[in-house]
Amino acid sequence: MTRYIIRRLLQGILLLLIISVILFALTNAMGDPLASFGGRRRIRSSDRERLTRQLGLDKPVLVQYAVWLIGNDWMDVDVDGDGLPEAKGTRRGILRGDWGNSFMEKRPVNEIIAERLPNTLLLMLTCEVVIILLSLAIGMYSAIRQYSLFDHVFTGLSFIGYSMPIFWLALILMFVFAVYFKKWGLPIYFPTVGKYDLTVGPTVLQVAWHMVLPVATISIMSIASYSRYIRSCMLEVIGQDYIRTARSKGLTEGVILARHAFKNAALPLVTIVGMDLPLLLGGAVVTESIFAWPGMGRLFWNAAQDTDIPVLMGVMTLISAAVVVFQIITDMTYTFLDPRIRYD
Amino acid sequence: MKQRIFLALVLIVTLLPMAGVASAAPPDQEEVYTVQKDDSLWGLAEKYLGSGSAYPAIVMATNAKFKEDETFTYIADPGLIQPGWKLVIPGTAEAAELLAEPQVITMTLFEEPDSLNRAYTTMWYALIVLDMLNPGLWAWNDNLQPSLEMAAQFPTKENGLISEDGLTITIPLNEDAKWSDGEPVTADDFVFTYEMIVDPANTVMTTWPYADYLESVTAQDDHTLVLKFSEPFAPWATTIFDFVMPEHVLRPIFEAEGTIDNADWNRNLTVVNGAFVLKEWEAASHMILEANANYWRGRPVLDQIHVMIVPDDEAQMAAIKAGDTDIGVFLSYADIPTIEALEDVDVVTVLSGYNESWFFNLNTDATAAKNGHPALQDVRVRQAIAHAVDFDAICQKLLFGGTYPPGTPWEEMPFNYPDANLYQYDPEKAKALLDEAGWVDTNGDGTRDKDGVELVLVYVTTAGREVREQTQVVAMQYLADVGIGITVQNGSYDVFWNSYGDGGPIATGNYDIAQWSSQAEGFPDPSDNQWLCSEIPSDESPAGNNWYGICDEELEAPFRAQEVEMDPNKRIELFHEIGRIMTEKVYWLGVWHDNDVWTVNKRAKNVKISGADCFWNCFEWTGM
């Protein structure tokens, strides 16, 4: 077993290297980082040349990748952009823990990510918990009471919820529950944007209140699809022979569900959650933008628009590493949950 | 909100009508008061609350009561109350509570600044935040006149601060100006700023115009700054020292690290000279600015400004409607009807110097790839185009009547040529001009031709902006009606404005008509070098800005003259001449006058937004 884990980890490292090469090639093909430097005013051509050299963007892509990976403090770089390298570089490369500096904000990428990550985790973990609880509840109840009114209603709602475009859903929730509730003078209305009310401060109540609409937006779509999945798994499990055996043994329905059906039906959910968890790090791009939630999704979106390569590489490397690690963890979890699965 | 409900309950319980009877002791309970002739809020506050400056409490209590009972008035302007209005005068305790609430104005921005050091950013959102934190010598107010900040006087030839040859400018500095830590702002700060900008060790965004035009920047004494130019530079007042760095904070960093690129001050602005200090900045979420007690005009009335970063424009609209933001930014003309329907929000359009323009490719040099369509060389064809397209209708239909076609690039400024709107929508005249120029449809395919060349023009703008693409569709129809064919070839905005050296599509002549929103670089200064012969880019000089290939001696003369003309009236005359030539020869066509559209909630008072330094008067803002 240990050998299996070690083998998977080594494969994971190799995989990450290959992924980073592909990601670097793709981000560099996306566009010109310097194009976003001129805000409302164009910057001069001579400034662009200088900035290109100072940021090391005039070097071939392979050299830029090597610098990203292992740094440039072993070679001379052009600090003042005049075309002549004169001093040793200051970057140590990601393998030594230096994630580089953002082109736009000119500060370390890991600092930027560290600021946004807690906000994203707060939002996404809450969503994940809500999604798991609600989809299990809805899916299982729908399966147990198949073709009942509850089942039909929630099947319909699932289809509606799943087909709604997320930006539309986010805006509808915002307009109805925040703008119109307030306009109609209802005693409870939600805030429109932001993480908390600046005049009140970042209290737990404020943040929780501001999280309701974004969490609802993200969760509705996932609950719609996962509850269907749980429902079908549950139906399959209920039809199994061992359930009939348990019934014929005289166990009550409740005990059967809790001890036998639930665990077997929930097992595929482990795979899904295992795939979802690393993607949580990427945040929800659209929802975060609409609700002005300062998370990783927005960071990634802005970086993609500005072709801020160090930030893009940082975020994607983080997510890739998380995916690889969580795949291994998920596979390990399976061996605990399902005795039929063994690796050698 | 809860306090206002409480106040209302108190009022209902203890309703004591007191019709304007002067009482010596301030009441402890609220009362309803009817305004008499010659009353003022200041006087009422003096009489009832003991101090005139407590008048905001009366305004806040009355406006809160208005929401429940419309017989009370909504006080929109504390300076103007009418006899007969019903007001609520709160008791002293309530008044104290109301006044203790911090006065806050909230605004939303689409992007957060990438840096708060003006040398390191060109981002518009950073510049407008810096208006409140770090002004320079002066700020350009909403009438595009200088409002003095760090400078004590505005230099002109009359007051002798500009030398006869225009090359030496002496600026006396404001002796009251201080940094927020108490250190005085001196000429050394400005000299240091100049040194940092031109020093190659600093990765600044641009060194223009400091490196190009300034021969030296010296401190004659602590409060006198002397600028020496190497050649006369007309836009000096709008482009030089629009901010200043604190030497006492940054010089030690520069000396220790050899560069100020990584200085904490660039983001944290620990020390400022503006009306507000940066109290808090949570990345991607918000910034909180607090009143600066050391501001040279005195502490601003407003306690805090909250800047929220809201990337989505629909979300901003929701926030405006819900009142979660007082100032909304960068709305489109299509939003104006929605905002006007709201009772408590005003639409403010601000002259920003931008005009959505059509530029023609008039290149005729040896490099065929760069040349425009030969038909464009004939002024009659350009005049025909001007007559063929109904720009007024475009503004009415696509922009909801929110704006109008400008006459010259200097529309709404004194530099605008008054008789610029020569070309009314007249398709018959357009056809006549084209016939006269020899372009007729000989082969019956719908487009005119001459000598075997079809009159089909390549029409280019940035892809993805809906209103531009809609304009293209409409313009194509108008031009097709007079027999001019159009091929649309839109480009991505991130490469659209690349220079000739960087292969930009416009700079390398891949267009016949190009459309974008353009502003003179030194706005509010009108000077613009993109019409000069010398600015036509080529392989030898790839950085030129004249992408249109216009080389006209008649136009060149007044442009060159205005660059060195320091007399403002003579300069206006020169620009009228320029406008006349550009209009008669149709070197430029205005599609719509692209003013910035802002929204300001009625509770935010004294907000005068400038097109140049947007928040220049934040020290006067109040919010109640």
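It should be noted that the structure appears before, not after, this text.
Rules and cut-offs
- Residues numbered from 1 in each chain as written.
- Chains lettered and ligands numbered in written order.
- Predicted model: local features only at pLDDT ≥ 70, side-chain atom pairs only at ≥ 80, totals over all residues.
- Heavy atoms only, no water.
- Helix = DSSP H or I, 4+ residues; strand = E, 2+ residues; numbered from the N terminus.
- Buried < 20%, exposed > 50% of the residue type's maximum accessible area, 1.4 Å probe, protein only.
- Contact = heavy atoms within 4.5 Å.
- Areas by Shrake-Rupley, 256 points an atom, 1.4 Å probe, with all protein chains shown as cover.
- Lys, Arg positive; Asp, Glu negative; His and termini not counted.
- Charge placed at Lys NZ, Arg CZ, Asp CG, Glu CD.
- Buried area = accessible area lost by both parts, 1.4 Å probe.
- Salt bridge = Lys/Arg side-chain N within 4 Å of Asp/Glu carboxyl O.
- Polar contact = N/O pair within 3.5 Å; in protein donor to acceptor, adjacent residues only side chain to side chain.
- Nonpolar A, V, L, I, M, F, W, Y, C, P; charged D, E, K, R; others polar.
- Disulfide = S-S within 2.5 Å.
- Pairing = 2+ DSSP bridges.
- Axes fitted to C-alpha atoms, helices over the stretch in contact; angles between N-to-C directions.
- Parallel < 35°, antiparallel > 145°, perpendicular 65-115°, else oblique.
- Left-handed = near helix turned anticlockwise from the far one by under 90°.
- Arc of directions from axis to C-beta.
- Patch = residues over 30% accessible without salt bridge, like charges linked within 9 Å, V, L, I, M, F, W, Y side chains within 5 Å.

**Things to note about the overall build of chain B**
Then comes step 1: The number of helices and strands found in chain B is 19 helices and 23 strands.
Then comes step 2: Across the 624 residues in chain B, those meeting the buried criterion constitute 58%.
Then comes step 3: Within chain B, contacts between residues separated by at least 24 positions form 66% of all contacts whose residues are at least 6 apart in sequence.
Then comes step 4: As presented, chain B carries roughly 24,200 Å² of accessible surface, and 51% of it is formed by carbon and sulfur atoms.
Then comes step 5: Side chains of chain B carry 36 positive and 98 negative charges; the gap between the two charge centres is 6 Å.

**Section: the overall build of chain A**
Then comes step 1: Along its length, chain A carries 12 helices and 2 strands.
Then comes step 2: Sequence-ordered secondary structure for chain A, helices as α and strands as β, is α-α-α-β-β-α-α-α-α-α-α-α-α-α.
Then comes step 3: By its C-alpha atoms, chain A is 85 × 65 × 35 Å across when sized along the principal axes.
Then comes step 4: Out of the 344 residues belonging to chain A, those deemed buried represent 45%.
Then comes step 5: Partitioning the intrachain contacts of chain A with sequence separation of at least 6 by distance along the chain shows that 65% fall at a separation of at least 24.

**Some remarks on the interface of chain A and chain B**
Then comes step 1: Counting from both sides, the interface comprises 44 residues of chain A and, opposite them, 52 residues of chain B.
Then comes step 2: Overall, the association of chain A and chain B removes approximately 4,400 Å² of surface from exposure, summing both partners, and the carbon and sulfur fraction of that is 51%.
Then comes step 3: Applying the counting criterion to the chain A and chain B interface returns 4 salt bridges.
Then comes step 4: For B:Arg267, the salt bridge is made with A:Glu105, and the minimal N-O distance between the two is 3.1 Å.
Then comes step 5: Applying the counting rule to chain A against chain B returns 8 residue pairs in polar contact (both at pLDDT 80 or more).
Then comes step 6: Elements that contribute at least two residues to the side of chain A that touches chain B include exactly helix H2 (45–54), helix H4 (109–144), helix H6 (166–183), helix H10 (285–290) and helix H11 (296–306) of chain A.
Then comes step 7: The residue makeup of the side of chain A that touches chain B, split by class, is 18 nonpolar, 10 polar and 16 charged.

**Brief notes about the state of the cysteines**
Then comes step 1: Within this structure, the stated rule accounts for 1 disulfide over all chains.
Then comes step 2: B:Cys614 takes part in no disulfide bond, and the closest cysteine sulfur to it belongs to B:Cys618, at a distance of 11 Å.

**Describing the pairing of strand S7 (residues 214–221) of chain B**
Then comes step 1: Where S7(B) meets strand S8 (residues 224–229) of chain B, 6 bridges bridge the pair, whose relative direction is antiparallel. Its bridge partner being in S8(B), B:Val217 is matched across the sheet by B:Leu227.

**Focus on unusual backbone geometry**
Then comes step 1: Residue B:Pro209 is bonded to the preceding B:Trp208 through a cis peptide linkage, with omega at -5 degrees.
Then comes step 2: Here B:Pro209 is to be found in the loop between helix H6 (187–198) and helix H7 (210–213).
Then comes step 3: Phi is positive for A:Ala292, close to 55 degrees, though the residue is something other than glycine.
Then comes step 4: Within the fold, A:Ala292 resides in the loop between H10 and H11.
Then comes step 5: Of the residues examined, A:Ala292 reaches a relative accessible area of 1% and is grouped as buried.
Then comes step 6: One non-glycine residue, B:Asp451, lies in the positive phi region at around 50 degrees.
Then comes step 7: With respect to the element layout, B:Asp451 can be found in the loop between strand S15 (449–450) and strand S16 (453–454).

**Description of the packing of helix H13 (residues 379–388) of chain B against helix H15 (residues 427–436) of chain B**
Residues and elements named next belong to chain B.
Then comes step 1: The geometry of H13 relative to H15 is characterised by a closest axis approach of 8 Å and an angle of 165 degrees between their N-to-C directions. Relative to H15, the element H13 lies roughly antiparallel. When you trace H13 past H15, the crossing you get is left-handed. Contact residues: H13 offers Arg380, Val381, Gln383, Ala384, His387 and Ala388, while H15 offers Pro427, Lys429, Ala430, Leu433, Leu434 and Glu436.
Then comes step 2: In terms of residue class, the contact of H13 with H15 is made up of 7 nonpolar, 2 polar and 3 charged.

**Some points on H13(B)**
An α-helix turns once every 3.6 residues. As a result, residues three or four positions apart point the same way.
Residue and element names in this part refer to chain B.
Then comes step 1: Counted residue by residue, H13 has 8 buried out of 10 residues, so it is predominantly covered.
Then comes step 2: Here H13 has its buried residues at Val381, Arg382, Gln383, Ala384, Ile385, Ala386, His387 and Ala388.
Then comes step 3: The N-terminus of H13 is capped by Asp378, whose side-chain oxygen sits 2.9 Å from the backbone nitrogen of Arg380.

**Structural notes on H15(B)**
Residues and elements named next belong to chain B.
Then comes step 1: Taken residue by residue, H15 has Ala430, Leu433 and Leu434 as its buried positions. Along H15, the residues classed as buried sweep out an arc of 95 degrees about the axis, all on the same side. Of the exposed residues in H15, those oriented more than 90 degrees away from the buried face are Glu428 and Glu436.
Then comes step 2: In this fold, the buried residues of H15 make contact with H13.
Then comes step 3: Where H15 terminates, the next one or two residues include Gly438, which has phi positive at roughly 95 degrees.

**Some thoughts on the side chain of B:Arg468**
Residues and elements named next belong to chain B.
Then comes step 1: Mapped onto the fold, Arg468 is located in helix H16 (residues 466–481).
Then comes step 2: A distance of 2.7 Å separates the side chain of Arg468 from the side chain of Glu356, its partner in a polar contact.
Then comes step 3: In contact with Arg468, other than residues within four places in its own chain, are Glu356, Thr461, Thr462, Gln515, Trp516 and Ser517.

**Considering the sheet that holds strand S17 (residues 456–460) of chain B**
Residues and elements named next belong to chain B.
Then comes step 1: Overall, mixed pairing links the 5 strands, which are arranged S18-S17-S19-S14-S20 in an open sheet. Two strands in the sheet have a free side with no partner beyond their single neighbour: strand S18 (485–488) and strand S20 (588–593). Strand-to-strand twist in this sheet, taken as the mean axis angle between neighbours without regard to direction, amounts to 25 degrees.

**Some points on a nonpolar patch on the surface**
Residues and elements named next belong to chain A.
Then comes step 1: Taken together, the side chains of Leu14, Ile18, Ile22 and Leu26 present a nonpolar region at the surface, about 390 Å² in accessible area.
Then comes step 2: Inspection of the secondary structure puts Ile22 in helix H1 (residues 2–29).
Then comes step 3: Judged by its relative accessible area of 47%, Ile22 falls in the partly exposed class.

**Overview of the pattern of salt bridges**
All names here are of chain B.
Then comes step 1: Scanning the entire structure with this criterion turns up 34 salt bridges over all chains.
Then comes step 2: For Lys431, the salt bridge is made with Glu428, and the minimal N-O distance between the two is 3.7 Å. Here Lys431 and its partner Glu428 are both found in helix H15, 3 residues apart, which amounts to about one turn of the helix.
Then comes step 3: Measuring nitrogen to oxygen at the nearest pair gives 2.9 Å for the salt bridge that ties Lys585 to Glu554. Residue Lys585 is found in the loop between helix H19 (568–584) and S20, and its partner Glu554 is found in helix H18 (residues 553–564); the two are separated by 31 residues along the sequence.
Then comes step 4: Exposure remark for Glu554: the relative accessible area of 37% places this residue in the partly exposed category.

**Here we look at the sheet that holds S7(B)**
All names here are of chain B.
Then comes step 1: Taken in spatial order, the 3 strands of this open sheet run S6-S8-S7, and their pairing is antiparallel. This sheet does not close on itself; its edge strands, each paired only once, are strand S6 (168–172) and S7. Each strand of the sheet is rotated relative to its neighbour by a mean of 20 degrees, with strand direction disregarded.
Then comes step 2: Relative to S8, S6 is paired through 5 bridges, and the arrangement is antiparallel. By the bridge assignment for S8, Ile171 is matched with Leu225.

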